[in-house]
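# Residue-level structure breakdown
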Amino acid sequence: MTPFAELHLHLEGTLEPEMVFDLAERNAIGLPWRDLDDLRGRYSYSCLQDFLDLYYANMAVLRTEADFAELTDAYLARAAAAGVVRAEVFCDLQAHTARGVPAPVVLAGVADALSRSEADHGVSSGLILTFLRHLPVADAELAYEAALATGVELLGVGLCSTEVGFAAAPFGDLFARARADGLHTVAHAGEEGDASYVWEVLDSLGVERVDHGINAMGDRRLVEHLAEQEIPLTVCPLSNVRLQAVPTLADHPLPAMLEAGLLACVNSDDPAYFGGYLDANVAAVEQEFGLSTDQVETLAANSIRASFLPGTEKARLLHG
Ligand code: ADE
Ligand code: ZN
């Protein structure tokens, strides 16, 4: 069985409720939640924005380099237990610098844990700096420059946060610059937005991978394009259900995506908020759709193919 790569994972989305309280105490930060049960009671969402409001609020407890290192290390340990051997993780740097946490603090903590990941957990890793599309492009440019100035190695840049109503095209020059700097490019699209949002990140940002992309299925020409060009889609089933991007898991387009020959793989997005890590996402679709061993193998192989690992490493993981 081919092992899994996780390619759509926000480190901040691995902040478990217990850790929110532990870090709040350690950093002497007042929380708006009475207790753990009060916080846990807020993990149901009517839409993406509803979730994002809680996600950004909880980040207030992340303050020190050690906090970011612990968060990242805890995720890597959990991912390894889920069968992940490669993790290309997102960091929403602007959400921290906006709170007064300097970029070197955030990125040094994350990079410290990532540098030990292979030795400690058997997981190779890469860091993708995700720009927040609800903020001005100038803010993303500053974040990019601050990240480069830290000297921390980046694998790529991405785009996330509120989708509908916030155009991706204005980020085109910044993505072109990152590409010229040798970085990979990805973007969230087609999660709440329709297929036109997926076309936009392909045409304006030239991304190599689309995060989510479930609403691409409404556009036959787009599906053909994604299949022909072998553009990967990092799909997050439990996230899509919890954010009501699909009515129920039974309505999820993952089987149709595989049927259409798309390079779709399964990921956990924000596992602390959506009810499970990569293994829980795979188990959920396996059970819901009665996937065969071959189909699960396809999902694993797709994740390795869709990764930014060198070709030789992909071949080793795919063929043993
Ligand atoms: N940031 C964290 N999770 C996200 C998601 N599912 N969509 C957009 N932005 C996000
Ligand atoms: Zn995401």
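Everything numeric in this text was worked out from a predicted model, so none of it was measured. (Residues numbered from 1 in each chain as written. Chains lettered and ligands numbered in written order. Predicted model: local features only at pLDDT ≥ 70, side-chain atom pairs only at ≥ 80, totals over all residues. Heavy atoms only, no water.)

Here the focus is the sheet that holds strand 7 (residues 233-235). Strands in a sheet are paired, the pairing made by backbone hydrogen bonds, and the direction either parallel or antiparallel. Here 8 strands make up an open sheet; going across it, the order is 1-2-3-4-5-6-7-8 and the pairing parallel. The strands lining the two open edges of the sheet, one partner per strand, are strand 1 (4-6) and strand 8 (264-266). Averaged over all pairs of adjacent strands, the angle between their axes in this sheet comes to 25°, without regard to strand direction. Direction of pairing for strand 2 (residues 84-91) relative to strand 3 (residues 124-132): parallel, over a ladder of 6 bridges. Bridge pairing in strand 3 links A87 to S125. With respect to the sheet, helix 4 (residues 65-81) is in contact with strand 1 and strand 2, its orientation differing from that of strand 2 by roughly 145°. Taken strand by strand, helix 16 (residues 293-306) contacts strand 1, strand 2, strand 6 (209-212) and strand 8, and its axis lies near 55° from that of strand 1. (Pairing = 2+ DSSP bridges. Helix = DSSP H or I, 4+ residues; strand = E, 2+ residues; numbered from the N terminus. Axes fitted to C-alpha atoms, helices over the stretch in contact; angles between N-to-C directions. Contact = heavy atoms within 4.5 Å.)

This next bit is on the coordination of the zinc ion (ligand 2). In the first shell of the zinc ion (ligand 2), the protein supplies H8 (NE2), H10 (NE2), H188 (NE2) and D269 (OD), at 2.1 to 2.2 Å from the metal. What the 4 donor atoms of the zinc ion (ligand 2) show is an angle range of 83 to 172° at the metal, which sorts the shape as irregular. For the zinc ion (ligand 2), the single-chain donor residues occur in sequence as H-x1-H-x177-H-x80-D. One end of the pair, H8, is in the loop between strand 1 and helix 1 (17-26); the other, D269, is in the loop between strand 8 and helix 14 (271-274), with 261 residues separating them in the sequence. Summarising the burial analysis for this pair, H8 and D269 share the class buried. (Donors = N, O, S within 2.8 Å, 3.2 Å for Na, K, Ca; no water. Tetrahedral: all angles 85-135°; square planar, octahedral: opposite > 155°, others 65-115°. Buried < 20%, exposed > 50% of the residue type's maximum accessible area, 1.4 Å probe, protein only.)

For the rest of this paragraph, the subject is the site of ligand 1. Every residue close to ligand 1 is listed here: H10, L48, F51, L52, Y55, C160, S161, H188, E191, H212, D269 and D270. The separation between a nitrogen atom of ligand 1 and a polar main-chain atom of S161 is 2.8 Å. Within the side chain of D270, a nitrogen or oxygen atom sits 2.6 Å from a nitrogen atom of ligand 1. The dominant element in the shell around ligand 1, judged by the number of residues it contributes, is helix 3 (residues 48-58), at 4 residues. Here the shell around ligand 1 is built from residues that sort into 5 nonpolar, 4 polar and 3 charged. (Near = heavy atom within 4 Å. Polar contact = N/O pair within 3.5 Å; in protein donor to acceptor, adjacent residues only side chain to side chain. Nonpolar A, V, L, I, M, F, W, Y, C, P; charged D, E, K, R; others polar.)

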